[in-house]
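Each chain, letter by letter, is given below.
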Amino acid sequence: MRLPESQVAVLNAASATDEQTIAQLAEETDLKPETVTGAVFDLRDDGLVSVTETVEEDIELTDEGVEYADDGLPEVRLYRAALDVDDGESVPMGQVIGASSLGGPQVDIALSNFARKGYGRIDSGELAPDADADPDSDEEAAALAALVAGDEVTADVLDQLESRNLVVRHERTIRAVTLTDEGVTALMEGVEAAETVDRLTPEMLTSGEWEDVEFTEYNVEADAPGVRGGKKHILRQTADRVKDVLVGMGFAEMEGPHADADFWINDCLFMPQDHPARTHWDRFALDVPPMEDIPEDLIDRVRSAHLNGVGDDGDGYHSPWSEDFARAVALRGHTTSLSMRYLSGHEVGELEPPQRYFSVEKVYRNDTLDPTHLLEFYQIEGWVMAEDLSVRDLMGTFEEFYSHFGITDIQFKPHYNPYTEPSFELFGRHPETGELIEIGNSGMFREEVLSPLGVECDVMAWGLALERLLMLMYGFDDIRDVHGTMCDLDLLRETEVLK
Ligand SMILES: N[C@@H](Cc1ccccc1)C(=O)O
């Protein structure tokens, strides 16, 4: 039998009784591992060898992990320093930190693990080490040492180390190769290397030799470095998908300014001017001239709703209402400003029911960045204007919308908004953590909102969080996995948004 040279080498090196890995065969044949892999696949396809694959996990200490393995965990060092400073009593934190020779971010790391791991209490600037704590039996320290020594550690402590970024895990496919009976027979009958070439050269072309050579077959299964081109961010891809779904449900898209007058962002929504959300704590005010282009008659009707309410038995806020305040420009904290612009007729003229509109756009809030909050995020805004709408219509719309994303267990909770009545929040269950997370807010616009806008029928409306939808779809639990410097590149590269 004639086979390509690399296959002959592998076949000779393989054994019918002992499994050999690609690495072992590469060593024995002096071929590159990828060449061996290619040869092995070809031999397997010809029935001459059999291959079993197992996935193994490689655990590697990060630089920080190596450092702690050498110098000790920061919390352990802090504990020992606390004992040194004072035998078991409570001591000022600054003094202990000074004595511990911990510096920079390690201080925070030490403090945050100190109490968690039972090394003592931290109380108004004092550290009280627990005399009974035993740093010598610190599980995490022991696990780091075991990993350095190449020993096994339990899954629990490994998870802990991974969550502290002290280790990273990689998966590796190990292929073990043995000769089949046919392989043994072929070897006994004699296997010779056929001349094969894996590339065409100019010389072969000019000499005409190319007509006679045997080409190595392509091995499309060989391990190869991944090629990564640019691609749309999964958030953007999901936004596009949301737009497709909503257009499919009969909605038209709204557009409008990111920086808008408070009038559209808040006043039209019957948000009292002294509402806490309207202070500089929550919004990003802009130092730009006030907005001129607001219909005067609408301003009059909104002012009157705030002062006196609407209808015969209406009631307003009876507190001052300032037009200057309403014209001031800020970054929108929700895209309900767009809904106000459209419902008022200011954007596309007066609208006759039924109507459906949506937007998938950015909003800005002066929140504190954490795993579920960003300062800028995307809202899926929407509303339906029609006669005789009910909360049942609203719920049904959400059920239909989310079902397009495979989410079928939405929960509803009564809520309060100054501009809707009734109102409710939407929750979805996180596929990994099992937690219920808030994914949106909604309701039926109240009379005080609709009447000044000149709308005479019902309007149901909502604002849903696009990033939260993504969390439910892809199971990550920190929004910073998809944004900013801490993002999870593998997640961003590998996640495919279904069309
Ligand atoms: N503006 C609300 C969402 C909402 C829109 C319309 C009606 C009711 C609620 C928010 O940002 O949370």
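Residues numbered from 1 in each chain as written. Predicted model: local features only at pLDDT ≥ 70, side-chain atom pairs only at ≥ 80, totals over all residues.

Colleague: Tell me about the site of the ligand, and name the residues and values.
Modeller: Taken together, His334, Thr336, Asn417, Thr420, Asn441, Ser442, Gly443, Ala461, Trp462 and Gly463 are the residues near the ligand. For the shell around the ligand, the residue count by class is two nonpolar, eight polar and no charged. (Near = placed C-beta within 6 Å. Nonpolar A, V, L, I, M, F, W, Y, C, P; charged D, E, K, R; others polar.)

Colleague: Describe unusual backbone geometry, with residues and values.
Modeller: A cis geometry characterises the amide bond from proline 353 onward to proline 354, with omega recorded as -5°. For proline 354, the position within the fold is in the loop between α16 (336-343) and β14 (355-364). That bond from glutamate 421 to proline 422 is cis: its omega, -5°, falls within 30 degrees of zero. Within the fold, proline 422 resides in strand β17 (residues 420-429). Positive phi, close to 60°, is recorded for phenylalanine 270, a residue that is not glycine. Residue classification places phenylalanine 270 among the buried residues on the basis of 25 C-beta atoms within 10 Å. (Helix = DSSP H or I, 4+ residues; strand = E, 2+ residues; numbered from the N terminus. Buried ≥ 20, exposed ≤ 12 C-beta atoms within 10 Å, placed from the backbone.)

Colleague: How would you explain helix α17 (residues 391-403) if you had to name every residue and give the values?
Modeller: Helix length check: α17, at 13 residues, gives a terminal C-alpha distance of 18 Å against a target of 18 Å (1.5 Å per residue), a fit within 8%. Taken together, the buried positions of α17 are occupied by Leu394, Phe398, Phe401 and Tyr402. All buried residues of α17 lie within an arc of 90° about the axis, which places them on one face of the element. Opposite the buried face of α17, at more than 90 degrees from it, the exposed residues are Arg392, Gly396, Glu400 and Ser403. Packing partners of the buried residues in α17 comprise α12 (234-248), β17, β18 (436-445) and β19 (458-465). (Expected span 1.5 Å × (residues − 1). Arc of directions from axis to C-beta. Contact = placed C-beta atoms within 7 Å.)

Colleague: Let's hear about the UniProt feature "binding site: Mg(2+)" (unreviewed entry) in the protein: which residues, and what values?
Modeller: Taking the UniProt record as the reference, the feature "binding site: Mg(2+)" (unreviewed entry) is found at Glu421. Apart from the residues within four sequence positions on either side, glutamate 421 is in contact with Gly443, Met444 and Arg446. (UniProt positions renumbered as here; feature names shortened; annotations may be inferred.)

Colleague: Describe the pairing of β18, listing the residues and the values that go with them.
Modeller: Among the ten residues that make up β18, seven are buried, leaving the element largely enclosed by the rest of the structure. Where β17 meets β18, eight bridges bridge the pair, whose relative direction is antiparallel. Residue glycine 428 lies in a different strand from β18, and its bridge partner there is isoleucine 437. In this structure, β18 lies alongside β19, joined through five bridges in antiparallel fashion. (Pairing = 2+ DSSP bridges.)

Colleague: How would you explain the sheet that holds strand β2 (residues 20-21) if you had to name every residue and give the values?
Modeller: What links the strands of a sheet is backbone hydrogen bonding, and the strands pair in either a parallel or an antiparallel sense. Read across the sheet, three strands follow the order β2-β7-β3 without closing on themselves; strand pairing throughout is antiparallel. This sheet does not close on itself; its edge strands, each paired only once, are β2 and β3 (49-61). The pairing of β2 with strand β7 (residues 167-179) spans two bridges and is classified as antiparallel. By the bridge assignment for β7, glutamine 20 is matched with valine 177. Across the sheet, helix α3 (residues 33-45) is in contact with β3 and β7; its angle to β3 comes to roughly 150°. (Axes fitted to C-alpha atoms, helices over the stretch in contact; angles between N-to-C directions.)

Colleague: Kindly report on helix α1 (residues 5-13), identifying the contributing residues and their values.
Modeller: In terms of residue burial, α1 counts as a mostly covered element, since seven of its nine residues are buried. Taken residue by residue, α1 has Ser6, Gln7, Val8, Ala9, Val10, Leu11 and Ala13 as its buried positions. Packed against the buried residues of α1 are β1 (2-4), α2 (22-29), α3, α10 (181-189) and β8 (192-194).

Colleague: Residues and numbers for the UniProt feature "binding site: L-phenylalanine" (unreviewed entry) in the protein, please.
Modeller: Listed under "binding site: L-phenylalanine" (unreviewed entry) in the UniProt record, and renumbered for this structure, are Thr336, Gln379, Ile380, Glu381, Tyr419 and Phe445. When you line up the elements, threonine 336 lands in helix α16. Those residues in contact with threonine 336, other than ones at most four positions away along the chain, are Leu269, Glu381 and Gly463. Its place among the elements puts glutamate 381 in strand β15 (residues 376-386). You can call glutamate 381 buried: it has 22 C-beta atoms within 10 Å.

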